[in-house]
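# Overview (structure and organization)
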Amino acid sequence: QVQLVESGGGSVQPGGSLRLSCAASGRIFSIVVMGWYRQAPGEKRELVATLTTGGSTNYADSVKGRFTISRDNAKNTVDLQMNNLKPEDTAVYYCNVILVGGLNWWGQGTQVTVSS
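Residues numbered from 1 in each chain as written. Predicted model: local features only at pLDDT ≥ 70, side-chain atom pairs only at ≥ 80, totals over all residues. Heavy atoms only, no water.

### Section: the overall build of the protein chain
Rules: Helical segments are the DSSP runs of H or I of at least four residues, strand segments are the runs of E of at least two, and each set is numbered from the N terminus. Radius of gyration here is computed from C-alpha atoms only, and the compact-globule reference equals 2.2 Å multiplied by the residue count raised to the power 0.38. Classification of residues uses two cut-offs on accessible area relative to the type maximum, computed with a 1.4 Å probe and protein chains only: under 20% is buried, over 50% is exposed, and between them is partly exposed. Any two residues having at least one pair of non-hydrogen atoms within 4.5 Å are treated as being in contact. Computed with a 1.4 Å probe, the accessible areas rest on the Shrake-Rupley method; for each residue, only the protein chains presented here act as cover.
Secondary structure assignment for the protein chain yields 0 helices and 11 strands. The N-to-C order of helical and strand elements in the protein chain reads β-β-β-β-β-β-β-β-β-β-β. The C-alpha atoms of the protein chain give a radius of gyration of 13 Å, which matches the 13 Å a tight globule of 116 residues would have. Here the C-alpha coordinates of the protein chain stretch approximately 40 × 25 × 25 Å along the principal axes. When burial is assessed residue by residue, the protein chain has 40% of its 116 residues classed as buried. Once local pairs closer than 6 in sequence are excluded, the contacts in the protein chain between residues at least 24 apart make up 52%. Surface accessibility of the protein chain: about 6000 Å² in total, with carbon and sulfur atoms responsible for 49%.

Structural data, given as structure tokens:
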């Protein structure tokens with residue numbers, strides 16, 4: 001099993017920044033992909049950004065150039081730096097890991113609200 005604890009959500013005005021962090025524990029040696037997803041009210045959960053253990057990244061088109069995903073292997077954390085936030089970025093953000101064999105684990109979610 002993997003345990004994921006997210007932090008860093010909150011409220012910010014348009015154009016502001018937030019940094020989300022996800023701390024992983026448990027079977028972290030078998031993690032192959034770490035990422036962030038989000039779900040707005042009434043919408044499906046969508047990919048925001050992913051990062052493989054090999055260092056490959058993937059971003060949703062809507063966040064490219066504004067969001068950056070990074071991983072600290074020593075601390076077993078994956079962070080999402082979000083700059084130039086827009087109201088449409090408002091959602092619950094979920095940390096996700098994929099283990100060897102394809103098992104998925106999710107964090108509990110953290111709310112991000114962008115509003116003036």
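### Topic: the sheet that holds strand β1 (residues 2-7)
Heads up, the condition is: Note on pairing: DSSP must find at least two bridges between two strands before they are called paired. All axes are obtained by fitting lines to C-alpha atoms, using only the stretch in contact for helices, and the reported angles, taken between N-to-C directions, cover 0 to 180 degrees.
The 4 strands are arranged β1-β3-β8-β7 in an open sheet whose pairing can be described as antiparallel. With one partner strand each, in any of the chains shown, β1 and β7 (67-72) form the two edges of the open sheet. Each strand of the sheet is rotated relative to its neighbour by a mean of 15 degrees, with strand direction disregarded. The pairing of strand β3 (residues 18-26) with strand β8 (residues 77-82) spans 6 bridges and is classified as antiparallel. Note that in β8 the partner of Cys22 across the bridge is Val78.

### Describing the pattern of salt bridges
Note the cut-off: Salt-bridge detection follows one rule: a side-chain nitrogen of Lys or Arg within 4 Å of a carboxyl oxygen of Asp or Glu.
Within the structure shown, the criterion is met by 5 salt bridges. Its salt-bridge partner being Arg38, residue Glu46 comes within 2.7 Å of it at the nearest N-O pair. Glu46 gets classed as partly exposed once you look at its relative accessible area, which sits at 36%. For Arg38, a relative accessible area of 6% puts it in the buried group. The partner of Asp61 in a salt bridge is Lys64, with the nearest N and O atoms 3.1 Å apart. We classify Asp61 as exposed; its relative accessible area is 65%. A single network of salt bridges, built from pairs that share partners, joins Arg38, Glu46, Arg66 and Asp89.

### Digging into the packing of aromatic side chains
Convention followed: Here a pair means two rings of Phe, Tyr or Trp (six-membered ring of Trp) with centres within 6.5 Å. Their orientation is stacked below 30 degrees between planes, edge-to-face above 60, and tilted elsewhere. Over a ring means this: the NZ of a Lys or the CZ of an Arg is within 6 Å of the ring centre and within 35 degrees of the ring normal.
A full pass over the atoms with the stated rule returns 2 aromatic pairs. Considering the side-chain rings of Tyr94 and Trp106, the 6.5 Å spacing of their centres and the 85 degrees angle between planes classify their relative orientation as edge-to-face. Of this pair, Tyr94 sits in strand β9 (residues 91-99) while Trp106 sits in strand β10 (residues 104-106), and the two are 12 residues apart along the sequence. Trp106 gets classed as partly exposed once you look at its relative accessible area, which sits at 37%. Three or more aromatic residues link up through ring pairs in this structure, and these residues are Tyr37, Tyr94 and Trp106. The positively charged end of Arg45 is found above the aromatic ring belonging to Tyr94, 3.7 Å away from the centroid. The side chain of Arg45 reaches across the aromatic face of Trp106, ending 4.6 Å from its centre.

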